[in-house]
Amino acid sequence: MSVKKKPVVFVTRKLPDTIETRMRELFDTRLNLDDTPMTGEQIADALRSADVLVPTVTDHINEDLLKHPDCKIRLIANFGNGVDNIDVVAAHARGITVTNTPKVLTEDTADMTMALILAVPRRLIEGASILTDGKGWAGWSPTWMLGHRIGGKRLGIVGMGRIGQAVARRARAFGLQIHYHNRRPVAPMIADELGATYWESLDQMLARMDIISVNCPHTPATFHLLSARRLKLIRKEAYIVNTARGEVIDEETMTKLIEAGEIGGAGLDVYEHEPAVNPKLVRLAKGGKVTLLPHMGSATIEGRVEMGEKVIINIKTFLDNHKPPDRVLPSML
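Residues numbered from 1 in each chain as written. Predicted model: local features only at pLDDT ≥ 70, side-chain atom pairs only at ≥ 80, totals over all residues. Heavy atoms only, no water.

A. Expanded view of the packing of helix H5 (residues 106–119) against helix H7 (residues 162–173). Orientation of H5 relative to H7, taken along the N-to-C sense of each, is 50 degrees, at an axis distance of 9 Å. Comparing the axis directions of H5 and H7 gives the class oblique. For H5 against H7, the interelement crossing comes out right-handed. Contacts between H5 and H7 involve Thr-106, Glu-107, Thr-109, Ala-110, Asp-111, Thr-113, Met-114 and Ile-117 on the former and, on the latter, Arg-162, Ile-163, Ala-166, Val-167, Arg-170 and Ala-171. Of the residues assigned to the contact of H5 with H7, the class counts are seven nonpolar, three polar and four charged. (Axes fitted to C-alpha atoms, helices over the stretch in contact; angles between N-to-C directions. Helix = DSSP H or I, 4+ residues; strand = E, 2+ residues; numbered from the N terminus. Parallel < 35°, antiparallel > 145°, perpendicular 65-115°, else oblique. Left-handed = near helix turned anticlockwise from the far one by under 90°. Contact = heavy atoms within 4.5 Å. Nonpolar A, V, L, I, M, F, W, Y, C, P; charged D, E, K, R; others polar.)

B. Summary view of the nonpolar core. Val-214, Leu-226, Leu-231, Ile-234, Ile-240 and Met-254 are the most contacted members of the largest nonpolar core, which has 28 residues in total. Mapped by element, the contributors of at least two residues to this core are helix H9 (202–206), strand S9 (211–214), helix H11 (251–259), strand S11 (265–268) and helix H12 (279–286). Those residues in contact with Met-254, other than ones at most four positions away along the chain, are Leu-231, Ile-240, Ile-249, Ala-266, Leu-268 and Leu-281. The next biggest cluster of nonpolar side chains, apart from the first, holds 26 residues, and it includes Leu-116, Val-167, Ile-178 and Ile-211. (Core = buried A, V, L, I, M, F, W, Y, C linked by side-chain atoms within 4.5 Å. Buried < 20%, exposed > 50% of the residue type's maximum accessible area, 1.4 Å probe, protein only.)

C. Inspection of the sheet that holds strand S3 (residues 52–54) at higher detail. Spatial ordering of the open sheet is given by S2-S1-S3-S4-S5, a layout of five strands whose pairing is parallel. Both edges of this open sheet fall to strand S2 (28–30) and strand S5 (97–99), since each of them pairs with a single strand only. In this sheet, neighbouring strand axes are inclined to one another by 15 degrees on average, regardless of whether the strands run parallel or antiparallel. Taken together, the three bridges between strand S1 (residues 8–11) and S2 define a ladder with parallel strand orientation. Each bridged residue has a counterpart across the sheet, and for Val-8 the counterpart in S2 is Asp-28. (Pairing = 2+ DSSP bridges.)

So, in structure tokens, the structure goes:
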């Protein structure tokens, strides 16, 4: 009796051991054990040899790769919520299904957003470095290392989806006043629960907030949503927190405005040209004007395992000739 050949699944980065083990049990899985980011040529080879590709945010699957005549991939099961690393339109045109891993990262990312909302005005990183960098601490003083209270401040959330709402719930518990801009208002029940004020005009909201939190996805419509013009609307005492995607902000202009004292500061977990970080931002971080993290927003063991489980479900469902639960269509972007 012949044994049915397992589909070839190519995983571009190192995933949690439990997920990789289960993938090996279910599929003919090719793993990246040393976690070295793949080159475009290596990804092209994978597209020619595998049935399913499991990429991450660091892998850019563009139209040139997908339109190659030898491309045999049938499913791109993205290990991540955002799909801005994949040309979904080109994939759809070629009959390639794209899936993602929504809903599992909401709480983790909201936690990190709240951490940055607290860290910047209270100068947490700057204060911690006094003890760890050998700068010497003379002891407590009533006028030293003074930050700002966050209770009573206005928080403007850009993007009131699942993560934006989770941030609002946390922020409200800290006494922040919740404002938001979204493509459309949230349901009245949610707005009432959060005590949230809707701004149809992003410009008007930005000009009035003490803290601005970016929580929208990166799409063609949101590229540089916080443009040079909009950044100049922000109050001098205000600061920006971004745990979404670096491309949503004109990073160069934001950096110049912080340098010039035209924006109070920033707490950033993502960058426009990752993994490169603007040296000017690093310099500002050393001076206590910004807090920088290396894209840690969703970095929890629980979150990564749940992402992997969603990837497996999407692959299994697709291979069983059913629609995957987390299918991404161009119309959804």
